[in-house]
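# Working through the structure, step by step
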Amino acid sequence: MSTINITHFNPGQVDEPSFLASFIARQNTFQYFLNELRHTQEEQAARHHLIIAPRGYGKTSLLRRIQIALRTEAEFNTRFIALAFREEQHNVISLDVFWRNCLQSLLEAREDEHAPQAEIDALDALWLQHAPRSGLKREDQDGTPAWTAFEAECQRLGRRPVLLVDNLDALLAGLDKHQWGLRTALQQANGPVLIAAASRYPEQLSDNAAAFFDFFRITTLARLSDQEVMACLHSMATKRGVQGEPVLRLLETDMGRISALNTMAGGNPRTLGVLYTVLEAHMSDDILAQLSAMLDTFTGWYQARTEELPMQSRAVFDALALNWDPMTAAALATVSGMETSMVSSLLSRLEKSGYVETVAFSSKGKGRNGYQVAERFYNIWYLMRNGPRRTRQSIRWLTVFLRSCFTRSELNTMAQDKLRNGCGRIEPTLALADSVPNRRIRAQLLDAVENHLNNANGDAELYSVLSEMKNGRAKPATSKALKVKEPSAFDKALAAAAAAHQAGDYAQEESNLRKAIASAPQNGWSYVLLGNLLKDQTRYEEAEAAYRRALEVNEKYATPWNNLGSLLRNLQRYEEAEASYRRAIEIDGKYTMPWNGLGNLLKGQQRYKEAEAAYRCAVELDGKYAMAWNNLGNLLRDLQRYEEAEAAYRRAIESDGKYAKPWNGLGNLLNGQQRYEEAEAAYRRAVELDGKYAMPWNGLGNLLQDLQRYDEAEAAFRRAIALDNRYTYLWNAVGNLLQDQLGKYEEALLAYQAELDSHPEDPIILANIAYLQALHLDARAEAVLSAQQAIPKLSPAGKCLLESLLAWTESTPAASANGWQKLHEAVTSDDDSLWSTYQDDLQRLLTHALVKGDGPLVRGWMEDAHFPQKYAPLYHAFCAALDGEDHLLTINPEVRSVATPLYQGLARMRTLFLQHRQAKAPLPKVGKKISSIK
């Protein structure tokens, strides 16, 4: 096996095979640009694009990948010619120079395509001929001669130029007097397509009077998620052969270390390559040693950036970087020994050049601002190379904390990624739902699985067939060869079967279908109907036999091949299922359903290009095939091609105005884009169309809970539960909502006990009840019993927290100290589930401490136990609960981002605690378990 070469800073210098093999991230974005070019109409002005992302996020690599695709793929190289340029076109000071550079790029592109030597010589002569007109003033060098020659050459080739320009901001700065002229050329019919990149939004685009204001379609490259990093590293390790085997083993045994490093690196694709080389060469168990090795790789780059700064700016940057947390201008003046006014001026320059960023120190936007290093990995490098020992130690503890919070409790991270990016294959998603401790996330995962299955399994296809037959868009797929004169007994039996199905009497339906088969054994349709009924009843072997009997009657009958494919897919016999779908397609090329079923199968196998092609075949055959449009929308949403997904959902809605599922899918899409009002409207339209459809009620509940509309969220969850009793774990979600966000403690107990009806010994439910009884229902004796049932089945952190609850609620002088001791044991237990399963329990206990008046004591105990270094987010969340939310604005953003949700939980719970105390409502006597809920 050949191995790929890895580079970090110059993707243009890597040989093409190695580059293509290592281009793993940004695949969806790459496909987006190809799709944009695919739909670019001839003889029309192009739509132009600008990619914005920080240094190292893959802009240059993405441009090169587009260039290669346009050169090598037949679909594009007959229509376009990709022109690449050096990263920094320092010579561009007029359009004379720019269009001459385009001639040079055209010459190089044709050389790469092995054009005839005569053409190469002619292009070289044109390039020499159209040197900048030095006899003219720069503002008069409008580029007309070079542009005319360039345009004529592209027309001769019959190919539209695609200009792949990096560092657009620098280019536009050089063309300050010629921007309108460039815009005019780009707006011509069949003119050039510009795909540009910049590390920050160009100032030239912000002025509404400027040439390029609102001109580009903006694509922002986000940081890589842990899921993307894992996938990229696995692919790189596989392609590296023997050299990559240690990394593959590490991915299997300790993904947490990799994820922690990626968190510190900021999800930067350039650092991803460095991360890989570190993992391949430095297989130490010490995560900080690996981080240090990564930083060594960046020393030259960051050292050069630091030395570019003027002396006084460098002094301010040094003070800020060594502090790590945000600092005010006055504090920086004290450290650096300069005047505050001078420091403020230097900070303004550093901010404009991208070295630092402003941080508000007040949530109300008033008062002082702070400053911090904009690129966190740069700040880490500076600290590791220049910081004192205690600072490096602080970073080490922060890394350990982030690892325990997000990486070592990897199930929650994986679950959230699944919810954002789609289920993918169902089997691992179900396994994840069964394993993830957080009940709400588990319910959301199960909703996503159900959404996928409802659109992919045989049941959904059967409903689609019935809908099409009622609307007159399709007929039962009986071929002319099967249209024989049936005896009246057959007609009567089928009619009776249909009536029984409508009445929900499936035993009678089966009996009538078997009568139809007995009366006309050579009619395959009755076997198909029987197979459908048996499949619905999970009698899979009998269903398969029925479909195969229909095929024995006529092997060129497409419908049983299609339905057999759906059955085999449900049975995970994927190769046989694919063969069945393809056989149905071969028999009847205009039959849409097997294309849709094949798309579902291929999507489940992560063969996304083939799945998309199958769905598109289905909708090309029938533009009003709503289910295929809906499934295409689900696929495109999973691929993060959100605009196309939205268009597909809306086509499904347009095709069948009574079809609820695309409204639900659209709601999920809009919710993920934080278009909350539209998402809510979509969910409500889904439930309006189908009053028995539970999934949009659950999605609506999650949306409303995120919007802090808790009463409405509760109602939505209850509606989902009432419609579908498979949503058992939603009762726990309702209980947590009532306990932690609404303060309806008696009702919370009823919800938890409804959950116990389905899971009588579930330790998580029992623990939730124990907290509720001890903290809110004045029923400590009952809480002890609940806790004693739960403790043996809980992990170490959960066990210690419950023991802390029992200790802290005792009526003894040592109660608080004993409660803290057990809480401390939970936090330091190295239990991965502390920050997932038991985070709400931790917040409940700390809230109890605050309300009891133990807050200052707990802060002191935390400081004695080195929580500010070891568990900084937890410590600062608690300090914010004591001192006010603005405390969070004084700490670095890495800790703040983790501390903020912890603080918000504490603040909300404390308010509910106090409201309940002030109400002084009579507390119910809690005794026997309530076995039902109204």
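The text that follows walks through the structure, step by step, so that each part is easy to find. Here, residues in each chain are numbered from 1, in the same order as that chain's written sequence. For this predicted model, a pLDDT threshold of at least 70 governs which residues receive local features, and a threshold of 80 or more governs which side-chain atom pairs are given and counted, while totals over whole chains, interfaces and linings are taken from all residues. No hydrogens and no water enter the side-chain calculation; it runs on all heavy atoms of the structure.

## Describing the overall build of the protein
Helix numbers and strand numbers start at the N terminus; a helix is a DSSP run of H or I with at least 4 residues, a strand a run of E with at least 2. Helix and strand counts for the protein stand at 49 helices and seven strands. Relative accessibility thresholds used throughout: buried, under 20% of the residue-type maximum; exposed, over 50%; partly exposed, between the two (1.4 Å probe, protein chains only). Counting the 934 residues in the protein, one finds 55% classified as buried. Any two residues having at least one pair of non-hydrogen atoms within 4.5 Å are treated as being in contact. Within the protein, residue pairs in contact and separated by at least 24 positions form 67% of the contacts whose partners lie at least 6 positions apart. Accessible surface area values rest on a Shrake-Rupley calculation with a 1.4 Å probe, where residue burial reflects the displayed protein chains alone. Total accessible area on the protein is roughly 40,900 Å²; 50% of this is exposed by carbon and sulfur atoms.

## Description of the environment of R314
Relative to the helices and strands, R314 resides in helix α16 (residues 311-323). For R314 and L346, which are 32 residues apart along the polypeptide, the C-alpha to C-alpha distance reads 9.4 Å. If we ignore the near neighbours within four places in the chain, the residues touching R314 are T306, E307 and L309. Within 3.5 Å is the distance limit for a polar contact, defined as a pair of N or O atoms, with the added protein rule that one can donate a hydrogen and the other accept it, and that residues adjacent in sequence qualify only through two side-chain atoms. At 3.4 Å, the side chain of R314 and the backbone oxygen of E307 are in polar contact.

## Re the packing of aromatic side chains
Only rings of Phe, Tyr and Trp enter the pairing, Trp through its six-membered ring, and a pair is recorded when the two centres are within 6.5 Å. The plane angle decides the type: under 30 degrees is stacked, over 60 is edge-to-face, the rest tilted. One pass over the structure, following the stated rule, counts 15 aromatic pairs. Ring centres 6.0 Å apart and planes at 75° place the aromatic pair F23 and F30 in the edge-to-face group. Classification of F23 as buried rests on a relative accessible area of 7%. Residue classification places F30 among the buried residues on the basis of a relative accessible area of 1%. With 5.1 Å between their ring centres and 80° between their planes, F212 and F215 make a pair best called edge-to-face. The same class applies to F212 and to F215, which are both buried. Of the aromatic side chains, those joined through ring pairs into one cluster are F85, F98, W99, W147 and F150. Of note, R64 hangs over the ring of F19, and the distance from its end group to the ring centre comes to 4.5 Å. Note on criteria: charge over ring means Lys NZ or Arg CZ within 6 Å of the ring centre, with the direction from the centre no more than 35 degrees off the ring normal.

## Here's the deal with a negative patch on the surface
A residue counts toward a patch only above 30% relative accessible area and without a salt bridge, and it is joined to like-charged neighbours within 9 Å or, for Val, Leu, Ile, Met, Phe, Trp and Tyr, to nonpolar neighbours within 5 Å. Here a salt bridge means any side-chain nitrogen of Lys or Arg lying within 4 Å of a carboxyl oxygen belonging to Asp or Glu. The positive count covers Lys and Arg only, the negative count covers Asp and Glu only, and His and the chain ends enter neither. Every charge is mapped onto a representative atom, which is NZ of Lys, CZ of Arg, CG of Asp or CD of Glu. Taken together, E108, E111, D112, D121 and D124 make up a surface patch of like negative charges. Mapped by element, the contributors of at least two residues to the negative patch are α5 (95-112) and α6 (117-129). The element contributing the most residues to the negative patch is α5, with three residues. Relative to the elements of secondary structure, D112 occurs in helix α5. Judged by its relative accessible area of 46%, D112 is partly exposed.

## Examining helix α7 (residues 144-157)
By this rule, a helix spans an expected 1.5 Å times one less than how many residues it contains. The first and last C-alpha atoms of α7 sit 20 Å apart over 14 residues, in line with the 20 Å expected at 1.5 Å per residue. Those residues of α7 that fall on the buried side of the exposure criterion are A146, W147, A149, F150, E153, C154 and L157. Along the axis of α7, the buried positions cluster into a sector of 165°, meaning they face one direction only. The elements touched by buried residues of α7 are β2 (80-84), α5, α6, β3 (160-165) and α9 (179-186). Following α7 by one or two positions, G158 adopts a phi angle in the positive range, close to 70°. Directions are taken from the helix axis to each C-beta atom, and the arc is the one they span.

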